[in-house]
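Understanding the architecture of this molecule
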Amino acid sequence: MNKLTERFHRLKENGEKAFVAYIMGGDGGMERLKEDIFSLQASGADVIEVGVPFSDPVADGPVIQDAGLRALEAGTTLSTILETLRVIKAQVRVPLILMTYINPVLQYGVDKFALDSENAGVSGCIFPDLPLEEEGLVTGALSKTDISVIRLASLTSPEERLKRLAEDSEGFIYAVTVKGVTGERAELNAAELEAKISKLKTYTNTPVLAGFGISTPSLAKKVLPFCDGVIVGSKIVNAFHQGKREEVDELIKGIKGLALTVK
Amino acid sequence: MKMTAYKMPDQHGKYGAFGGKFVPETLMNAITELEDAYNTIASTDEFQEEFTSLLKNYVGRETPLYFAKRLSEKTGGAKIYLKREDLNHTGAHKINNTLGQALLAKRMGKNKVVAETGAGQHGVATATVCALLDMEAVIFMGEEDIQRQKLNVYRMELLGAKVVSVTQGSRTLKDAVNEALRYWVTNIDDTHYIMGSVLGPHPFPQIVRDFQSVIGKETKEQFYTVENKLPDYVVACIGGGSNAMGMFYPFIEDQGVSLIGVEAAGKGIQTGFHAASLTKGKKGILHGAYMYLLQSEDGQIQEAHSISAGLDYPGVGPEHSYLMEEGRVEYTSVTDEEALSAFHLLTRTEGIIPALESSHAIAHAVKIAAELPADKSIVICLSGRGDKDVDTIRKAEGRAEHE
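One numbering rule holds for all chains: residues counted from 1, following each sequence as written. For this description, chains carry letters from A and ligands carry numbers from 1, given in the order in which they are written. With the structure being a predicted model, the display of local features is reserved for residues of pLDDT at least 70 and the display and counting of side-chain atom pairs for 80 or more, all residues being used for whole-chain, interface and lining totals. Remark: hydrogens and water are excluded; side-chain values derive from all non-hydrogen atoms of the structure.

Under an unreviewed UniProt entry, chain A has the name Tryptophan synthase alpha chain and belongs to Peribacillus deserti. Heading Function (unreviewed entry) of the UniProt record for chain A holds this comment: "The alpha subunit is responsible for the aldol cleavage of indoleglycerol phosphate to indole and glyceraldehyde 3-phosphate." UniProt positions are given in the numbering used here, feature names are shortened, and annotations may be inferred rather than shown by experiment. Note on chain A: under the UniProt heading Sequence similarities (unreviewed entry), the record states "Belongs to the TrpA family."

Dropping the structure here:
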């Protein structure tokens, strides 16, 4: 059982919901990546998702696009991110997952990626442009490691597809809350999302987390009753970029506080 | 001289190792629906009748296969024929595809379309069919390209389309595709994406090829009528690769016909300022497909450079990537300078002003024609007319004079 699965077991035992924090690796340089991880760990994030910058991030909205460009301009590569994570591995208790478009992984070499990610303490990977049909590209190499491949499910996925996504799912399932790209939103359609997530849950015991567009405790409160946790990205990326660490701390504590009381 | 039946893509949307569906999960259902709709609707008599009738009466097909006598004489070798896609309504081959896709979208109950455009030809062709079929069009175009192609922007607006300036990334075609994909994800329920070239996730490369293959089918018949045989060479320019794929596809099994794709070498393939993805690129994944790409060592996509905005894309469709590895099509490149000189050559000898894109094919065809005997023949796909490029050429050559 890897660190990620262990964490979800513990959360379940305690009746807690998960808070996953997304950051862009290398935005502000590699020293900041370390600081970001330690600060999120101290604030109580359950999982930290480190984004790998890519020149053409089609699933991302403006905030994460800009963060990716800043990271690339600072010289960030998949290799420098993995190296940084490896260096701080002993001090990181929170499970780390990587979010990367598939082309940087292909160029790095899938086998080497699997091995180096494991050595860097990574326990899960999200590939936003690698649907079920193409997953075979990485599963061979990753199955030799303890790393989970985290699948995405969307509001547009029909029932038969949700069933296939749920079967053999690992780590958690990332339920995309909106038809759209990443980024903060004022509202979301909780009823539509609830129907999809309940459907997914009939097919699997793998935790289902909601992400894309969740940026406040009040939005989190809408979805937490029917999912196992939330993923917050753009809001955190923005706050860290502006040096507002205390805002992130408040947000995590706010949502974690909520999560405990939602049954 | 037939090779075994050519049946690509396979049921997974792959051309050998190339192609596939590398897109976010939110798009998967739309892509599957499109695949089903294409397989069930596009082959029906009802669809084909409407499509064929509009190609004839609205687009102006069939386009002539013209024997360029003066150009052939001047070159002093093989006979050169021009497939006149420049004579299509809107001035390029792009409308063959936009018409087909818009008719399909309409039958799928989608009345809105989104598209990307580089030079503006695909955007104009999309805006045109949307005006014709009473559909809404949103066209994404890089800020750089908007500056380079102001007239085409105005044409699209006159036709009723909304043109959105893309200020992200390199502000050219690749970023316009990113934004169009993001728009599609957000408006997936009522919007169809009219992909402009043989790019993107399956089934787009296949759909675009099939709608464009009217070019090659007509060429084959027309050539046979005049020469009673097949041409020895068929030459087309390659950006994403749609005019070339449409021209080559009906000839793939005819091994006696040499097929040559011409990429943009920009300032020269050794300079780094080019768009020669097959000649100088590496395999990778962009915009939904595994194909040859211009990219850095760690997999970041690089900018393409060409005097021709329509060839300015850092990848080449998956089927071309496959045909190169199979050795069925030869891919080469010509520089901005060579393309410009071919532009003038055709303009002066035949009174035909070609698009800068097509000028790349002319440049290479003239090179090989000169080396061939008079009983050999070459067909060039003259993919578009050059009116849109006149300003670019004036500026390029005005600068050159002062250097």
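Right, picking up where we left off after that structure.
**Description of the packing of helix α4 (residues 94–107) of chain B against helix α9 (residues 204–212) of chain B**
Residue and element names in this part refer to chain B. Angular values range over 0 to 180 degrees, each being the angle between N-to-C directions of two axes fitted as lines to C-alpha atoms, with helices fitted over their stretch in contact. Only DSSP runs of H or I reaching four residues or more are called helices, and only runs of E reaching two or more are called strands; each is numbered from the N terminus. Two elements in contact, α4 and α9, have axes whose closest approach is 8 Å; the angle formed by their N-to-C orientations is 115°. Here the hand of the crossing between α4 and α9 comes out right-handed. Taken together, the residues of α9 that come into contact with α4 (itself represented by K94, N96, N97, G100, Q101 and L104) are F204, I207, V208, F211 and Q212. Ten residue types, Ala, Val, Leu, Ile, Met, Phe, Trp, Tyr, Cys and Pro, are classed as nonpolar, four, Asp, Glu, Lys and Arg, as charged, and the remainder, Gly among them, as polar. Grouping the amino acids of the contact of α4 with α9 by side-chain chemistry returns five nonpolar, five polar and one charged. Should the near helix be turned anticlockwise from the far one by less than a right angle, the crossing is termed left-handed; should it be turned clockwise, right-handed. The contact definition used throughout considers only heavy atoms, calling two residues in contact when any of these lie within 4.5 Å.

**A word on the interface of chain B and chain A**
Of the residues lining the interface, 35 residues belong to chain B; the matching set on chain A comes to 35 residues. For the pair chain B and chain A, the two sides together bury roughly 2,700 Å², of which 52% comes from carbon and sulfur. Accessible area that two parts lose when put together, evaluated with a 1.4 Å probe and summed over both, is termed the buried area. Considering only the side of chain B, the residues that lose the most area to chain A are E25, R182 and Q300 of chain B, jointly responsible for 25% of the buried surface there. Take a side-chain nitrogen of Lys or Arg and a carboxyl oxygen of Asp or Glu: if they are within 4 Å of each other, that pair is a salt bridge. Run the count over chain B and chain A and you get four salt bridges. Between E25 of chain B and R161 of chain A there is a salt bridge; the shortest N-O distance is 2.6 Å. Distance and chemistry together define a polar contact, namely a pair of N or O atoms within 3.5 Å, with one atom able to donate a hydrogen and the other to accept it when in protein, and with adjacent residues in sequence counting only for side-chain atoms on both sides. Put simply, chain B and chain A have 19 residue pairs in polar contact (both at pLDDT 80 or more) between them. If one sorts the elements of the side of chain B that touches chain A by residue count, helix α8 (residues 173–186) of chain B sits on top with eight residues. Class assignment of the residues belonging to the side of chain B that touches chain A gives a composition of 12 nonpolar, 11 polar and 12 charged.

**Details of the sheet that holds strand β10 (residues 258–266) of chain B**
Consider a sheet: its strands pair through backbone hydrogen bonds, and that pairing is either parallel or antiparallel. Residue and element names in this part refer to chain B. Pairing in this open sheet of six strands is mixed, and the strands run β3-β4-β15-β9-β10-β14 from one edge to the other. Two strands in the sheet have a free side with no partner beyond their single neighbour: β3 (65–67) and β14 (329–335). Pairs of neighbouring strands in the sheet enclose a mean axial angle of 25°, with direction left out of account. The criterion for strand pairing is that DSSP finds at least two bridges linking the strands in question. The pairing of strand β9 (residues 233–237) with β10 spans five bridges and is classified as parallel. In the sheet register, V234 faces β10, and the bridge partner there is L259. Contacts from helix α10 (residues 214–227) reach β3, β4 (79–84) and β15 (377–382), with the element oriented near 140° to β4.

**A closer look at the environment of T177 of chain A**
All names here are of chain A. Structurally, the position occupied by T177 is in the loop between β7 (173–176) and α9 (190–203). Burial classes: relative accessible area under 20% of the type maximum marks a residue as buried, over 50% as exposed, and values in between as partly exposed (1.4 Å probe, protein chains only). What makes T177 buried here is its relative accessible area of 1%. Among the polar contacts listed, one links the side chain of T177 to the backbone oxygen of F212, at a separation of 2.3 Å.

**A short note on the pairing of strand β2 (residues 47–51) of chain A**
Residue and element names in this part refer to chain A. Counting buried positions along β2 yields five of five residues, so the element is predominantly enclosed. Residues of β2 alternate between two faces, with V47, E49 and G51 on one and I48 and V50 on the opposite face, all of them buried. The pairing of β2 with strand β3 (residues 96–99) spans four bridges and is parallel. Looking at the pairing, E49 lines up with I97 of β3.

**Things to note about the UniProt feature "active site" (unreviewed entry) in chain A**
Under the UniProt annotation, "active site" (unreviewed entry) lies at E49 and D60 of chain A. Lining the second largest cavity, from the set of annotated residues above, are E49 and D60 of chain A. Within the secondary structure layout, E49 of chain A lies in strand β2. Overall, E49 of chain A belongs to the buried group, its relative accessible area being 2%. Apart from the residues within four sequence positions on either side, E49 of chain A is in contact with V20, A21, Y22, I23, I97, M99, I126, Y174 and I231 of chain A. Ignoring anything within four residues of it in the chain, the contact list for D60 of chain A reads Q65, M99, Y101, V181 and T182 of chain A together with R182 of chain B. Put simply, the grid is 1 Å and covers the protein atoms alone, a cavity is a trapped set of points that fit a 1.4 Å probe, a pocket is an open set with protein on both sides within 12 Å along at least five of seven lines, and lining residues have an atom within 4 Å of a point.

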